[in-house]
Amino acid sequence: MPQIQILDIATSNRIAAGEVVERPASIVKELIENSLDAGASAVSVEVREGGIDYLRVTDNGAGFPPEEVRIAFERHATSKLRSGDALDNIATLGFRGEALPSIAAVSRVELTTRRAGQESGVRLAIEGGSVKDLREAGCPEGTTMVVRDLFYNTPARKAFLKRASTEGGYVGDAVLQLSLARPDVSFRMILNGRTIFHTPGDNDLLKTITVLFGRDIASDLVPIQGTWDHSGLEGFVGLQDAARANRQREYFIVNGRFVRSPLLALAVEEAVRGGVAIGKYPFCVLTLRVPLDAVDVNVHPNKLEVRFRDEGQVRSNVISVVSQCLKPADVAVRVPLFPPEAEKPLQKDIQRVAMDWKTGGDPFRGMMATPRTTAAAEPGAMALPGALLPPRSAPAYNAQPPRAAVLPPGPHAPREIDVEIQEVAVRKIETAPQAEPVPMAIAQESRSLGTLFATYLLVESGDILYLIDQHAAHERLLYDQLKESLATGAGAQALLIPYAFDVTPRERARVIENLDHFSALGFRIEEFGPTSFRVETVPHILGDPQLRDFFIEFLDQLDSISSMRTADLKRDAIARIACHKAVKAGDRLSAQEIDALLGRVMQEDMPLTCPHGRPILLRMTRAEIEKRFRRTQ
Ligand code: ADP
Ligand code: MG
C-alpha cells in the first residue's frame, strides 16, 4: 500500500466536511472500510453495550507500516489520494484521511497492527486525540482497532446516542450491509459476547444471504443477472414470502458501496409490479457495476446516496434486466400501463422513497437528513427537510396499506351510501374512550336480519336499523378482550409447536426492547439462536392468530412503535396488530359469533370504532326510512 501522506488543504477542503463519527455504527463502518481497503479477507466486529463502551474491528489485511502508525491519526492523513485531480476516480472506500483522527478525538483508541512479513507489530494507545503509548507488540498480521468510551469527553454528543440495544442493532445492520456488498469477505458480528452472524466469505452471495436472512427467504429468491454497455446488474429478488411492508429489505450495492437509491428501488418495484401484493415491497440484494465516471461519488462516505449521470438509462436497464429474469409466473398480473422506458420516476416518487428510508430508521438517517455536501443541496438530491416533502399518499408507490396503520387515522365518514344514514360515532379511542354515551337502549329487542354483502350484519332494533361491519366489530371485540386480559393478568396459551421467526440485527434489538410488552399481552417470546426468536405462548383470547403475518407486520412497524413514548401505547400498538391479524379477511362469522358480537356491540360501553378508528356501525332510523319513501314529511 502507498505511504500515508497529509493531504494538501485544497484537496481536503474539496472533500466534504462533516463528522464521520456520529454513533458506533458509523465508526464501525469507517473501520471496516479501512480494513477492506487494506485488502482484508476476514473482518470481525465485536460490540458491547451497543458499541458505546466497547467496539472492536479486527482484520487480516495489510497492516500499517510501523513508522506510519502515528501519522495516520493526524488530520487528512491518507494513503489513498494525493491531489484533487484524483477525486473523481475513487475506487477505495475511505479517502479523506479523516476517520481515524475523528474517532480518536472522542474516545480511547487502541490500535494493534502488524504488517505482512514483519517480525513484530506495534501497539498505539490514544486518548482524546493524544498519544498515550506507542510500543512494539507481538500480534497476528493485520489490524485490530479497539474503541472504548465513545464521547467520554463530549457528553453533549453522547446524549444524542440511543440506548445500547438500539445502537447495537444499528451496528449489526451496518455490518450486514457491508457483508452483502462484499460476499468475498468473511464477516463475523459479535454482540455482547455472542456471534450473531458469520458469513462464509467465499464470494457466494446466496450463501451470504442465507446466513443473514435464513433459509426460508433464501429458498424463495430469483437470481438476477444482466449486462449492458460496460455495466452489469447481479443479485437476487424475492417476491412472495420474502416481500415486506416497507423498503428496509431492498439492498443495493453500486460499485461495491452499499447505497440507498430511490431510483433503483423504484426501478425494481416497477419490474416486479404484480408480483408482490399492493403495499408490499420485494426483498432484493442487487449489485450494480457501472463505469466510475457514470456515477457521482458522494464524497461523504457515511452518506448512502449515489447519483447517476444518466438516470433514465440506468432505470430502464435495471427494469429490463430484472423483468427478463423473472419468470412470467413470478409476476402473474404484470400489466404495465406504459412501456417502462417511457416512464421516468417523478422527482416526487424519488423523494418519497428517500423519506421512507429516513423515517424507516436507517442507522445513518441523521446524516441523510442534514445535507452537508453540495451534491446533496442540488435540486433532485435526496436529502430534503421533511416539511418540504409531500405526504406519503400518492397511489403508485404508496408506502403502507391502510390496515397497517398503528395509530387510527383521523375521523372520516363513509357517506357513499345513498340513504341518509346517520353515522353514530367516529371517535378516537385513545383520547376519549368513554366519551359521549351513545343512545343504544336496544339490547333486548334487537333481531339479526342476516348478512349483507358477506360483510355487514343487519340488525333491527326497535325503530332502528343497524349496519354493523362485522370485521371491524370483531376486531374491536378481540382488542378489548386482549386489553382486559392484560388488566387482569389472564391467560396465555402455549403453542403446540412454538413458532420461530427470523430477524435482522436491528429487528432483534427492537424485539428484545419490547419483550416485556409482549409478555404483558401473553406472548412469551424467547431468543432462539442469534438471528431468530421463538414464540412459546400467545394471548389466550387470540385463539389461533396468523403468527407469521402478525410478526412480519410487527417487525415492519417496529420503528413507529418504538418511538411511542409510554409503555401503555406500545402495548396497545402490539395488541392492535395482534388482533387485527386474528380476524381473517373474508370471514363469514358463525351464528354464534354473530350473537356474541351483537351482544357485545349493543352494550352501552362498546366503543364504536374499530381499533384502527374506522366506524363499526351505521344506523338508520325508521323515521329516516319513511321519509325516504315519502311516507312522512
Ligand atoms: P482514509 O481511509 O480516508 O485514508 P483514515 O483516517 O480512515 O483515512 O485512515 C488513514 C490511513 O490509515 C489509511 O489511508 C490507511 O493507510 C491507514 N489504515 C487505516 N486503517 C487501516 C487498516 N485496517 N489496515 C491498514 N491500514 C489502515
Ligand atoms: Mg478510512
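Above this text you will find the structure in question.
Residues numbered from 1 in each chain as written. Chains lettered and ligands numbered in written order. Predicted model: local features only at pLDDT ≥ 70, side-chain atom pairs only at ≥ 80, totals over all residues. Heavy atoms only, no water.

Looking at this structure, how should I read the overall build of the protein?
When its secondary structure is counted, the protein shows 20 helices and 25 strands. A separation of at least 24 residues holds for 73% of the contacts in the protein among residues at least 6 apart in sequence. When the accessible surface of the protein is summed, it comes to about 27800 Å², and 52% of that surface belongs to carbon and sulfur atoms. (Helix = DSSP H or I, 4+ residues; strand = E, 2+ residues; numbered from the N terminus. Contact = heavy atoms within 4.5 Å. Areas by Shrake-Rupley, 256 points an atom, 1.4 Å probe, with all protein chains shown as cover.)

Is there a simple way to think about the packing of aromatic side chains in this case?
Evaluation of the coordinates by the stated rule reveals 17 aromatic pairs. Measuring from centroid to centroid gives 6.1 Å for tyrosine 499 and phenylalanine 551, while their planes differ by 20°, and the two rings are stacked. Here phenylalanine 551 lies in helix H16 (residues 547-556) and tyrosine 499 lies in strand E22 (residues 492-502), a separation of 52 residues in the sequence. Phenylalanine 551 gets classed as buried once you look at its relative accessible area, which sits at 1%. Ring pairs connect the aromatic residues Tyr499, Phe501, Phe518, Phe523, Phe533, Phe550, Phe551 and Phe554, which therefore count as one cluster. The positively charged end of arginine 48 is found above the aromatic ring belonging to tyrosine 54, 3.8 Å away from the centroid. In this structure, arginine 108 is placed above the aromatic ring of tyrosine 152, and the distance from its NZ or CZ to the ring centre is 4.0 Å. (Phe/Tyr/Trp six-rings, centres within 6.5 Å; stacked < 30°, edge-to-face > 60°. Buried < 20%, exposed > 50% of the residue type's maximum accessible area, 1.4 Å probe, protein only. Lys NZ or Arg CZ within 6 Å of the ring centre and 35° of its normal.)

Explain helix H5 (residues 164-181) to me, please; I cannot follow it from the model alone.
For an α-helix, the turn length of 3.6 residues means that residues three or four places apart are oriented alike. Over its 18 residues, H5 runs 26 Å from end to end, which matches the ideal 26 Å to within 8%, given 1.5 Å per residue. Most of H5 sits out of view: 16 of its 18 residues are buried. (Expected span 1.5 Å × (residues − 1).)

Looking at this model, I keep getting lost on the sheet that holds E22. Mind explaining?
Each strand in a sheet pairs with another by means of backbone hydrogen bonds, the pair being arranged parallel or else antiparallel. Taken in spatial order, the 3 strands of this open sheet run E22-E24-E23, and their pairing is antiparallel. The strands lining the two open edges of the sheet, one partner per strand, are E22 and strand E23 (524-527). Taken over all neighbouring pairs, the strand axes of this sheet differ in orientation by 20° on average, direction set aside. One ladder, built from 4 bridges, connects E23 with strand E24 (residues 532-539); its direction is antiparallel. Residue glutamate 527 lies in a different strand from E24, and its bridge partner there is phenylalanine 533. Packing of H16 onto the sheet brings it into contact with E22, E23 and E24, and relative to E22 it is tilted by some 55°. (Pairing = 2+ DSSP bridges. Axes fitted to C-alpha atoms, helices over the stretch in contact; angles between N-to-C directions.)

Mind showing me how you'd approach the side chain of asparagine 317 here?
When you line up the elements, asparagine 317 lands in helix H9 (residues 311-325). Take asparagine 317: its relative accessible area is 17%, and that puts it in the buried class. One polar contact links the side chain of asparagine 317 to the main-chain carbonyl oxygen of glutamine 313, over a distance of 2.9 Å. (Polar contact = N/O pair within 3.5 Å; in protein donor to acceptor, adjacent residues only side chain to side chain.)

Looking at this structure, I do not really get the sheet that holds strand E12 (residues 231-238). What am I missing?
Read across the open sheet, the 5 strands follow the order E11-E12-E15-E13-E14; overall the sheet is mixed. Two strands lie at the open edges of the sheet, namely strand E11 (221-228) and strand E14 (257-259), each paired on one side alone. Each strand axis lies, on average, 15° off the axis of its neighbour in the sheet, ignoring direction. With 8 bridges joining them, E11 and E12 adopt antiparallel strand pairing. Looking at E12, one finds that glutamine 225 is bridged to glutamate 234. Strands in contact with helix H8 (residues 262-271) are strand E13 (250-254) and strand E15 (283-289); relative to E13, the strand with the most contacts, it is inclined by about 125°.

Treat this as a map of the structure, not an account of what it does.
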